[in-house]
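# Inside the fold
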Amino acid sequence: MKRISTPNAPAAIGPYSQAYISGGLLFTSGQIALDPDTGAVVGSTIEEQTEQVMKNLGALLSAAGSSYSQTVKTTCFLADMGDFAAFNEIYGKYFTEKPARSCVAVKTLPKNVLCEVELIAEV
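Here goes a summary of the coordinates provided. Residue numbers here run from 1 along each chain, matching the order of that chain's written sequence. Side-chain atom pairs in this predicted model are given and counted only at pLDDT of 80 or more, local residue features only at pLDDT of at least 70, and totals for whole chains, interfaces and linings cover all residues. As a convention, hydrogens and water are excluded, and side-chain values are obtained from all of the structure's heavy atoms.

### Considering the packing of aromatic side chains
How two aromatic rings sit relative to each other is set out by the distance from centre to centre and by the angle between their planes. What counts as a ring pair is set by centres within 6.5 Å for rings of Phe, Tyr and Trp (its six-membered ring), and what kind of pair is set by the plane angle: stacked under 30 degrees, edge-to-face over 60, tilted for all other angles. Per the stated rule, a full pass over the model turns up four aromatic pairs. Ring centres 5.7 Å apart and planes at 35° place the aromatic pair Phe87 and Tyr91 in the tilted group. Placement of the pair is Phe87 and Tyr91 together in helix α2 (residues 84-94), with a separation of four residues, close to one helical turn. Each member of the pair Phe87 and Tyr91 is classed as buried. A network of ring pairs unites the aromatic residues Tyr68, Phe87, Tyr91, Tyr94 and Phe95 as a single cluster. Here the basic side chain of Arg101 rests over the ring of Tyr91, its NZ or CZ set 4.6 Å away from the ring centre. Helix numbers and strand numbers start at the N terminus; a helix is a DSSP run of H or I with at least 4 residues, a strand a run of E with at least 2. Under the scheme applied here, a residue whose accessible area is under 20% of the maximum for its type counts as buried, over 50% as exposed, and between as partly exposed, the area being computed with a 1.4 Å probe on protein chains only. The criterion for a charge sitting over a ring is simple: Lys NZ or Arg CZ within 6 Å of the ring centre, and within 35 degrees of the ring normal.

Here it is, written out as structure tokens:
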């Protein structure tokens, strides 16, 4: 196993790592809309927050030598399923290869953000 850590994605806000590579696959922790430099939540809309989540995931993919196109599975968490269509618009710009995905609504996310995404990708 190899731990992936980059200053270009937010530092963990708990007892976990940003990501790990194991068996040729990258496993990321869930990414929320945090600015990597300040740790502050970016944006107040689902569109703004989803864009930041995608940037954070992109930084982890890059640090691991992978890419959005090598992603095989994502798990997406939404605070409100009413945001599903708007979330998909942004998500689809990044995951053009359409990896397998689960998307669920949850009661509350860390820092009361609107979405969180984790992924598994080939490296």
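### Some words on the sheet that holds strand β3 (residues 25-28)
A pair of strands counts as paired when DSSP detects no fewer than two bridges linking them. One open sheet accounts for six strands, arranged β1-β2-β3-β6-β4-β5; its pairing is mixed. The strands lining the two open edges of the sheet, one partner per strand, are β1 (2-4) and β5 (100-105). Between one strand axis and the next, the sheet turns through 15° on average, direction left out of account. The sheet contacts of helix α1 (residues 46-63) involve β1, β3, β4 (71-78) and β6 (115-122), and relative to β6 the element is tilted by about 25°. Helix axes use the C-alpha atoms of the stretch in contact, all axes being lines fitted to C-alpha atoms, and the angles between their N-to-C directions lie in the range 0 to 180 degrees. Contacts are assigned to residue pairs that have any heavy atoms within 4.5 Å of one another.

### Side note on the environment of Ala79
With respect to the secondary-structure elements, Ala79 resides in the loop between β4 and α2. Sequence-wise, Ala79 and Asn112 are 33 residues apart; in three dimensions their C-alpha atoms are separated by 8.2 Å. Discounting chain neighbours no more than four positions away, the residues touching Ala79 are Val106, Leu109, Val113 and Leu114.

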